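Observations on the model geometry
What follows is the residue order along each chain.
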Amino acid sequence: MLKIAYHPIYKHPLPEGHRFPMIKYELLPEQLLHEGTCGPDNFFEPILPEDHHILKAHQGAYFNRLVGLQLKPSEVRKIGFPLSRELVQRERIIADGTIQGCHFALEHGIAMNIAGGTHHAYSNRGEAFCMLNDQAIGARYLQAKKLAQQLLIVDLDVHQGNGTAEIFQKDRSVFTFSMHGKANYPFKKELSDLDIPMEKGTDDDTYLSILKETLSRVLGDVRPDFIFYLCGVDVVATDKLGTLGMTIDGCRERDRFVLQTCKDHGIPVQCSMGGGYSPNIKTIVEAHANTFRLAQEIFF
């Protein structure tokens, strides 16, 4: 059975006019239930994880200041959300959704998190709507529990996974692969194990051709026994914060290829949704929903 992490806290209240589309975390599960892609049994509710799991990916001084609401105003501005106790609790619960998802992926081949993909969170700071790096925390959890030896993070959000790259820069057992808009934030990129910057307006055929060749090569070189997939839908041409020229169909084919490749190779995969900022919320929800539809189609 496809297991999906979701908690009502995912939809956090923001000031009116804020550019982050928080409503998608409410609309997406509603859509999946309405159309019959998922039933209530597919969803599980994450909880607050034990701090020591988070501290395997984040520095204690930063985490303690975050939980204590003691970040400097400049640090809060870089995150982009008004800092509050509920916001920090939300971020920790999202991380637990990915931690629990690791177990479900090992059991069923795949697991999803309605939120997550917080790849701009560094070991010692947050930025760009990210405070705690859920997939980095999940990777460290698998390592600590000796549930996986060689991990691969496939980050196909339009923005480079700079925080993820920093966290694992000296860890050869976690291979970080980021395929992102060359002209997109962050404008000062970190070094992933493999970065592929894409030109402005990159279309479906070009993107998919590069992805298929690259991922096949990476799998042969890295030979991972677990994959984290960050499937941001901000690659579509309508995205306000993206620079690529992909269609929703192209985004769906991207997900189809990655998920089918994981299935064909027998590699468990945990998926976090990442970004999506198109002006029309229906576009965002539809693009995200495609990933869940494909997970059901391919794995179950």
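Throughout what follows, the structure given in this document is the object of discussion.

The rules behind the values
- Residues numbered from 1 in each chain as written.
- Predicted model: local features only at pLDDT ≥ 70, side-chain atom pairs only at ≥ 80, totals over all residues.
- Heavy atoms only, no water.
- Buried < 20%, exposed > 50% of the residue type's maximum accessible area, 1.4 Å probe, protein only.
- Helix = DSSP H or I, 4+ residues; strand = E, 2+ residues; numbered from the N terminus.
- Pairing = 2+ DSSP bridges.
- Axes fitted to C-alpha atoms, helices over the stretch in contact; angles between N-to-C directions.
- Parallel < 35°, antiparallel > 145°, perpendicular 65-115°, else oblique.
- Contact = heavy atoms within 4.5 Å.
- Nonpolar A, V, L, I, M, F, W, Y, C, P; charged D, E, K, R; others polar.
- Salt bridge = Lys/Arg side-chain N within 4 Å of Asp/Glu carboxyl O.
- Phe/Tyr/Trp six-rings, centres within 6.5 Å; stacked < 30°, edge-to-face > 60°.
- Lys NZ or Arg CZ within 6 Å of the ring centre and 35° of its normal.
- Left-handed = near helix turned anticlockwise from the far one by under 90°.

Remarks on the pairing of strand β3 (residues 110-113)
- Every second residue of β3 is oriented toward a common face, with I110 and M112 on one face and A111 and N113 on the other, all of them buried.
- Both strand β1 (residues 3-5) and β3 contribute to a ladder of 3 bridges, which runs parallel. Counterpart to A5 in the pairing with β3 is N113.
- Both β3 and strand β8 (residues 269-272) contribute to a ladder of 4 bridges, which runs parallel. Following the sheet pairing, I110 is matched in β8 by V269.

So, the packing of helix α3 (residues 60-67) against helix α5 (residues 85-108)
- Contact geometry of α3 with α5 gives a least axis separation of 9 Å together with a crossing angle of 130°. In terms of orientation, α3 lies oblique with respect to α5. Contacts between α3 and α5 involve F63, L66 and V67 from the first element and R85, V88 and R92 from the second.
- Looking at the contact of α3 with α5 residue by residue, the class counts come to 4 nonpolar, no polar and 2 charged.

A short note on the pattern of salt bridges
- For the structure shown, the criterion picks out 14 salt bridges.
- Across the pair R125 and E127 runs a salt bridge, and its minimum N-O distance is 3.7 Å.
- Assessed through its relative accessible area of 10%, E127 is described here as buried.
- Residues D171 and R140 are paired through a salt bridge, measuring 2.5 Å at the closest nitrogen-oxygen approach. Within this pair, whereas D171 is found in the loop between α7 (162-167) and β5 (174-181), its partner R140 is found in helix α6 (residues 134-144), the two being separated by 31 residues in sequence.
- Here the residues in one salt-bridge network are D249, R252, E253, R256 and E297, joined through shared partners.

Side note on the sheet that holds β5
- Pairing is parallel in the open sheet, where 8 strands are placed in the order β2-β1-β3-β8-β7-β4-β5-β6. Each having just a single partner strand, β2 (43-44) and β6 (194-198) make up the two edges of the open sheet.
- Here α6 sits on the sheet and contacts β3, β4 (151-155), β5, β7 (226-230) and β8; the angle it forms with β7, its principal contact strand, is near 170°.
- Seen against the sheet, helix α9 (residues 248-265) touches β3, β7 and β8 and runs at an angle of roughly 170° to β7.

Structural notes on the packing of aromatic side chains
- Applying the stated criterion to the full structure yields 12 aromatic pairs.
- Centroid distance Y6 to Y10: 5.7 Å. Interplanar angle 80°. Geometry classified as edge-to-face.
- Taking the relative accessible area as the measure of exposure, Y10 reaches 0% and is therefore buried.
- A centroid spacing of 5.0 Å and a plane angle of 25° characterise the contact between F81 and F129, whose relative ring orientation is stacked. Of this pair, F81 sits in the loop between α4 (73-79) and α5 while F129 is found in the loop between β3 and α6, placing the two residues 48 residues apart along the sequence. F129 shares its class with F81; the two are buried.
- By the ring-pair criterion, three or more aromatic residues cluster together here, those being Y6, Y10, F20, Y25, F81, F129 and Y277.
- Over the face of the ring belonging to F104 we find K3, whose NZ or CZ atom lies 5.6 Å from the ring centre.
- The lysine or arginine in question, R125, covers the ring of Y122, its NZ or CZ lying 3.7 Å from the ring centre.

Looking at the packing of helix α8 (residues 204-222) against α9
- For the pair α8 and α9, interaxial distance at closest approach is 10 Å and the crossing angle is 15°. In this view, α8 runs roughly parallel relative to α9, as classed from their interaxial angle. Between α8 and α9 the crossing geometry is right-handed. Between α8 and α9, the residues in contact are D204, Y207, L208, L211, K212, L215, S216 and L219 and G250, E253, R254, F257, V258, T261 and H265, respectively.
- Across the contact of α8 with α9, the residue classes break down as 7 nonpolar, 4 polar and 4 charged.

Concerning α6
- For α6, a buried count of 10 out of 11 residues is recorded, marking the element as mostly surrounded by other parts of the structure.
- Buried residues of α6: D134, Q135, A136, I137, G138, A139, R140, Y141, L142 and Q143, and no others.
- Where α6 terminates, the next one or two residues include K146, which has phi positive at roughly 55°.

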